[in-house]
Amino acid sequence: MQTPALFYADDLALVSTSIAGLQAQLVLLEAYSKRWRLTVNVKKTKVVVYTRPRSKVPPPHLTYMSDPIEVLDSFRYLGVDLHSTQQFAVAAADRAAAAQRAAFALHNRCHDLRLHDPALMLHLFDALVRPVMLYGVETWGPGALCGAGMEACEVVHRQFLRRLLGVRAGTPCAAVLGEVGRFPVAHAAVLLLCRYWNRLVAMPDTRLTKQAFLESVSLASSSSSGGAVRSACWVTQVVSCLHFMSPIVDGVPQRVDTDAASACLQRRYFEEVNSDESRKVHEWRQIRGDLNFGNYEPAVYLQAVTSKANRTRLTQFRTGSHWLGVESGRWQGLQREQRRCKRCECGSIDDAAHMIWGCPALVDQRLQHVELFSDSQRTIEAFLQQEPTELALFLRRCYNQCAALEDWGSS
C-alpha cells in the first residue's frame, strides 16, 4: 500500500508498506523530475525501514536513477529524529540537548551584554529556548508524557532557573520554580498538545492528516490497542495524558477546553507541592506561603532588588541554598550538632537564626541595618518579609563578612 507523498517546503517524504511500492514511487519521482528539469540530491536521500525492536530485516536495495540509496536506522525529518525501531518519545532527549545549547548561548549572550534582569531573561528563555525544546512535541510529546521522557527537558528548564537565581543544584525543584512563578515544562507541552488535538478535530475529513487521526482514534477505541501506553498508538497516548478531560466520547473525538486543562494541571501541581513535607520544601513554604492561583507569581524582590549579587544572597536564604554551616556541613556529611559556627566561639549551630540575631562576629552588619531589627518578632519567616532591597543588602554584607572570617572567598 502507498500513501500520497508528504511535501514540506523543499522536503519530500515517500511512504509505502512494501519495498516494491517504495521503488515504484521513486520511479515516478524520476519521471516527474525529468519532466520539470528538477534534481534530487541522492547523497541526502535516505531510507528508514520501520519494524519491531530486535527483529531482523535485511536492508532493502532501492535506487534513484540507478544510484543506490543509503539505508539508516534513524533519520531526521523536519527537525524530529525518526528511528526504525524506537518510539517517537526518544526525540525528547534530542530536543533537550538542543535546548541546553540554546540556553547556554542565551546565558553567555546576556552575560556579554550585562543583562541580568530576571523578567527579561525568563522572557528570552520562553522566546528562544522553549520553542527549541518543544519543537514537534505534538508528535513525540504524548509518549514522553506517558513515561519519564519529559524529564530531560525539565532538567534543562530547572538548570536555567537555578543559574538565573544563583542557587545550588540541591535546591528543591518546587522552590526553584516557585520563586519565579513557573510551572513544569510538561504543562506547556500538554497545552500545545491540546491545541493540536483541537485543530485535528476541526480539520476537514478530506485531509490526509485528518484521515490518519481518525484511523488512530479507531485503533484507540478497539480492544487491540491494549498493552503499555507508551507503545500504544498516538491517540491512546494522548487520551492517557488528558484522562482528566475525556477527549473521546463514544468513539468520537471531542474538542478540549485548553483553559480548563491548564487550570486542572496547575491545581494538581499546587496540591503536590503543598503536600510535600520534605524539610526544605516545608521551610520554603513557611516563607513563601502555600501555593494557590492567587499568589503564584514571581517573588516581588526579583524586580525590586536591582543588584544581582544582593538578589542572589536573598534568594539563597529564602530557598535554603545558603552558605551557612547548617547547609555546608550537610555536604560534608556532618551531623547537625557538629555544624557549628566557625566565626565565633559560642558553640552555636550555624543556622539562619544564629547568623541573623546571635553571631557576635556580625554585630557591625546588624548595626548598619538596625531598621531590620526593630520588629519584636524573631522568626525567620517574619524577618524575610521585610523591605527586600535593605534585606538583600544586609544578607550580602553578612555573606562577605562570613567569607572573610572563614577564608572561602566573597562577592
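The structure reproduced in this document is the subject of the present report. (Residues numbered from 1 in each chain as written. Predicted model: local features only at pLDDT ≥ 70, side-chain atom pairs only at ≥ 80, totals over all residues. Heavy atoms only, no water.)

1. Notes on the nonpolar core
(1) Moving on: One finds Trp140, Met150, Tyr269, Phe317 and Met355 to be the most contacted residues of the largest nonpolar core, which totals 93 residues.
(2) Moving on: Looking at this core, the element that brings in the most residues is helix H7 (residues 185–202), giving 10 residues.
(3) Moving on: Core analysis: the next-biggest nonpolar cluster, separate from the first, contains eight residues, Leu22, Leu29, Val42 and Val47 among them. (Core = buried A, V, L, I, M, F, W, Y, C linked by side-chain atoms within 4.5 Å. Buried < 20%, exposed > 50% of the residue type's maximum accessible area, 1.4 Å probe, protein only. Helix = DSSP H or I, 4+ residues; strand = E, 2+ residues; numbered from the N terminus.)

2. A few points about a nonpolar patch on the surface
(1) Moving on: Taken together, the side chains of Leu6, Val15 and Leu208 define a hydrophobic patch exposed on the protein surface, amounting to about 210 Å² of accessible area.
(2) Moving on: Along the chain, Leu6 falls in strand S1 (residues 6–8).
(3) Moving on: Residue Leu6 is classed as partly exposed on the basis of its relative accessible area of 35%. (Patch = residues over 30% accessible without salt bridge, like charges linked within 9 Å, V, L, I, M, F, W, Y side chains within 5 Å. Areas by Shrake-Rupley, 256 points an atom, 1.4 Å probe, with all protein chains shown as cover. Salt bridge = Lys/Arg side-chain N within 4 Å of Asp/Glu carboxyl O.)

3. Description of the state of the cysteines
(1) Moving on: Tallying each qualifying case throughout the model produces zero disulfides.
(2) Moving on: The thiol of Cys264 is not disulfide-bonded; the next cysteine sulfur, from Cys194, is found 10 Å away.
(3) Moving on: The thiol of Cys346 is not disulfide-bonded; the next cysteine sulfur, from Cys344, is found 3.1 Å away.
(4) Moving on: Cys346 sits in the partly exposed class, given a relative accessible area of 41%. (Disulfide = S-S within 2.5 Å.)

4. With respect to the packing of aromatic side chains
(1) Moving on: In this structure the tally under the stated criterion is 18 aromatic pairs.
(2) Moving on: Judged by centre distance (6.4 Å) and plane angle (45°), the ring pair of Tyr32 and Trp36 falls under tilted.
(3) Moving on: Classification of Tyr32 as partly exposed rests on a relative accessible area of 47%.
(4) Moving on: Put simply, the rings of Phe183, Tyr269, Phe270, Phe293 and Tyr296 touch in pairs and so form one group of aromatic residues.
(5) Moving on: The cationic tip of Arg313 hangs over the ring face of Tyr399; the distance from NZ or CZ to the ring centre is 3.7 Å. (Phe/Tyr/Trp six-rings, centres within 6.5 Å; stacked < 30°, edge-to-face > 60°. Lys NZ or Arg CZ within 6 Å of the ring centre and 35° of its normal.)

5. Quick word on the pairing of strand S7 (residues 74–77)
(1) Moving on: For S7 and strand S8 (residues 80–83), the ladder comprises four bridges, and the chain directions are antiparallel. By the bridge assignment for S8, Ser74 is matched with His83.
(2) Moving on: Between S7 and S8, which pair antiparallel in sequence order, lie two residues; one of them, Leu78, sits at a positive phi of approximately 55°. (Pairing = 2+ DSSP bridges.)

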